[in-house]
Amino acid sequence: MSYAIEAIGLTHYYAKGTQQQVAAVDHVDLAVERGELVGMIGHTGSGKSTLISHFNGLLKPSEGKVLVDGVDIWRDKETLRQSRFKVGLCFQYPEYQLFEETVYKDIAFGPGNMKLPKEEIDARVRRAAEFVGLTPALLEKSPFDLSGGEKRRAAIAGVMSMEPEVLIFDEPAAGLDPRGRKDLMALIRSYRAETGSTVIIVSHSMEDIASLADRVVVMNQAKIAMQGTVDEVYSQGDALRAMGLNVPDITEIFARLHAQGLPVPTNIYTVADGVRALQALGGRWRA
Amino acid sequence: MIGDITIGQYYAGASVLHRMDPRAKLAATFWLIVVIFLCKSFFALGLITLTAIVAVLLSRVPLKMIFRSLRPIVIILIFTAVLNVFYNKGGATYWEWWKITVTEKGVNTALFTMVRIIVLVVISSLLTYTTTPTMLTDGLERLLSPLKVFKIKVHTLAMMMTLALRFIPTLIEEIERIMNAQKARGADLETGGLLQRAKALVPIFIPLMVSAFRRAYELAFAMTCRCYTGGEGRTRMKQMKLAARDVLLLIFCAGITAGVLVLNHFFTAVI
């Protein structure tokens, strides 16, 4: 069976043919399995955003290929068009894409472009709205009257309503408070559990990725520097730091506790794991 | 791509023209443009063309850049040349076919107009090549300041121009971002008839307006927080000072004007 998304030797040059030519993505090979949740991390300018913009054909590779369901998306115009619907891309600060008179119409924009029957569009809009936690009353409001958090949810629903096979989020929690961040991560988790879709999350937050991802891909200087499970990647703290990244604070704390002789594990990547590890320790060790 | 548009087209350098006071350069540019239209004979036009060439050499702006600024007017040039060749009749006839005749006067007028337009564009683009947009608006503010007598808010106008120039690249970036977001939702911006394409712009235009207003509010707040209250009593960090070379430039312009008038007088007028 083919991969959900596969990049083969994917390269993208900016300012091609001039002296300023730079490879933003440099011969990247990546295969994403169906139903997998991939976390992508990397320093600003490492090429993450450029890479994901190739997955639904917003950017055309300078070299190499992008396969969706085993088909090259640049094969012909129709394949390219379909790839936009198969691969949903939710950009950073998606609330800035809202434009319709009502939230309902905005969420219906994507499915409408897919030329679906009216009833199907209606069903999808309501499903997506319910999923992100927008009440039916909000659907009739102007998107510009919503609160910041609601706007973000409405915009995400606008991508979800296309019911793509692969959903990509670029910094979904940027600019949200800790509570909003947590809610959003829970939303992504349950979306994936319910629909079984493939999800790719691009984020700076090592902790968010740790709590969600099956596999972590680390981008550095236009190339994939590391990939593997959360454990495999996060255990290489020094290599990550060399790329301008860092392990989560909680991992750092546990590493130091361990160094001071406390019998704690060092593979702790989320606060929840940390609490559990301390509780397990609680009975045996007293200061 | 949209991102390739360059506006302001400043070419960084340290030539005499770069170092001149923006007020002097603005005044000289307008002056020379008027002189271009005063030219009547080929010799007068030759003098102003020579001036433009000397100015280009002095500015040390590569010729490639100068030609680039001429590229957008190629169509206008051809159009005016063709019209002039056919609509002006007089003198010897060079070529005749059916109702079309090409005469000496036609060819001369066409040539004259073409050179005139080229010199006009070269001189005015030299101004933007050697002066940063900020300097330009500052200079304009100072030059227009006598209009304050008529209660025209010159400073506000200049500030608006500076800000507008500053935000062009930002807005271009914003348009690209919004276009990508809507394309990702299947918006089709490339196909369809005129009406359909105009309709397809709505999802781009509305978010752009919303964000432009948001930016404007934010900028206004930021400026207020830095105690900006408008032009009244505002001083400058970089004071503009007229140097000897600026005065010389204006004297030079006066010389060219005199030269053009004299040459017009002694040689036959083309236009």
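What you are looking at is a predicted structure, and each value in this text was computed from that prediction instead of being measured.

**Points about the overall build of chain B**
Counting its secondary structure elements, chain B contains eleven helices and two strands. Taken from N to C terminus, the helices and strands of chain B fall in the order α-α-α-α-α-β-β-α-α-α-α-α-α. The C-alpha radius of gyration computed for chain B amounts to 24 Å, which surpasses the reference 18 Å derived for 271 residues by more than 25%, pointing to a less compact arrangement than a globule. Taken over 271 residues, chain B has a buried fraction of 36%. Contacts in chain B between residues at least 24 apart in sequence constitute 77% of all its contacts with a sequence separation of at least 6. Of the roughly 16,900 Å² of accessible surface on chain B, a fraction of 71% belongs to carbon and sulfur atoms. Counting 30 positive and 14 negative side-chain charges, chain B places the centres of these two groups 5 Å from one another.

**Re the side chain of Ser69(B)**
Residues and elements named next belong to chain B. Relative to the elements of secondary structure, Ser 69 occurs in helix α4 (residues 63-70). For Ser 69, a relative accessible area of 11% translates into the label buried. Setting aside its immediate chain neighbours within four residues, Ser 69 contacts Gln 9, Val 121, Ser 125 and Tyr 129.

**Considerations on the sheet that holds strand β2 (residues 22-32) of chain A**
Residue and element names in this part refer to chain A. The strand order across the open sheet formed by four strands is β2-β1-β4-β5, and the pairing between neighbours is antiparallel. Both outer strands of the open sheet, β2 and β5 (71-72), are each paired with one neighbouring strand and no more. Of the strand pairs in this sheet, strand β1 (residues 5-14) and strand β4 (residues 63-68) are connected by five bridges, and their pairing is antiparallel. If you follow Ile 5 over to β4, its bridge partner there is Val 68.

**Considerations on the interface of chain B and chain A**
Listed per partner, the contact involves 17 residues of chain B and 19 residues of chain A. Around 1,600 Å² of area is buried between chain B and chain A when both sides are counted, 61% of it from carbon and sulfur atoms. Taken as a group, Ala184(B), Arg185(B) and Gly186(B) account for 40% of the area that chain B buries against chain A, more than any other trio of residues on that side. Taken together, the links from chain B to chain A amount to one salt bridge. Its salt-bridge partner being Arg185(B), residue Asp106(A) comes within 3.1 Å of it at the nearest N-O pair. Taken together, chain B and chain A are joined by three residue pairs in polar contact (both at pLDDT 80 or more).

**A word on the confidence of the model for chain B**
All names here are of chain B. The predicted model of chain B averages 86 in pLDDT, with 97% of residues at 70 or higher. Every residue in residues 1-7 is under pLDDT 50, and counting partners more than four places away or in other chains gives nine contacts. Across the whole predicted complex the pTM is 0.75, and at the interface the ipTM reaches 0.86.

**Describing the domain arrangement of chain A**
Residues and elements named next belong to chain A. We note that the domain assignment places domain 1 (33-57 + 76-230) and domain 2 (248-287) within chain A. If you average the C-alpha positions of domain 1 and of domain 2, the two centres end up 33 Å apart. Counting from both sides, the interface comprises five residues of domain 1 and, opposite them, five residues of domain 2. Taking both sides of the interface into account, the surface hidden between domain 1 and domain 2 amounts to around 390 Å²; carbon and sulfur atoms contribute 74%.

Each value, and the rule that gives it
Residues numbered from 1 in each chain as written. Chains lettered and ligands numbered in written order. Predicted model: local features only at pLDDT ≥ 70, side-chain atom pairs only at ≥ 80, totals over all residues. Heavy atoms only, no water. Helix = DSSP H or I, 4+ residues; strand = E, 2+ residues; numbered from the N terminus. Rg over C-alpha atoms; globule rule 2.2 N^0.38 Å. Buried < 20%, exposed > 50% of the residue type's maximum accessible area, 1.4 Å probe, protein only. Contact = heavy atoms within 4.5 Å. Areas by Shrake-Rupley, 256 points an atom, 1.4 Å probe, with all protein chains shown as cover. Lys, Arg positive; Asp, Glu negative; His and termini not counted. Charge placed at Lys NZ, Arg CZ, Asp CG, Glu CD. Pairing = 2+ DSSP bridges. Buried area = accessible area lost by both parts, 1.4 Å probe. Salt bridge = Lys/Arg side-chain N within 4 Å of Asp/Glu carboxyl O. Polar contact = N/O pair within 3.5 Å; in protein donor to acceptor, adjacent residues only side chain to side chain. pLDDT = per-residue confidence, 0-100. Domains from an automatic or database assignment.

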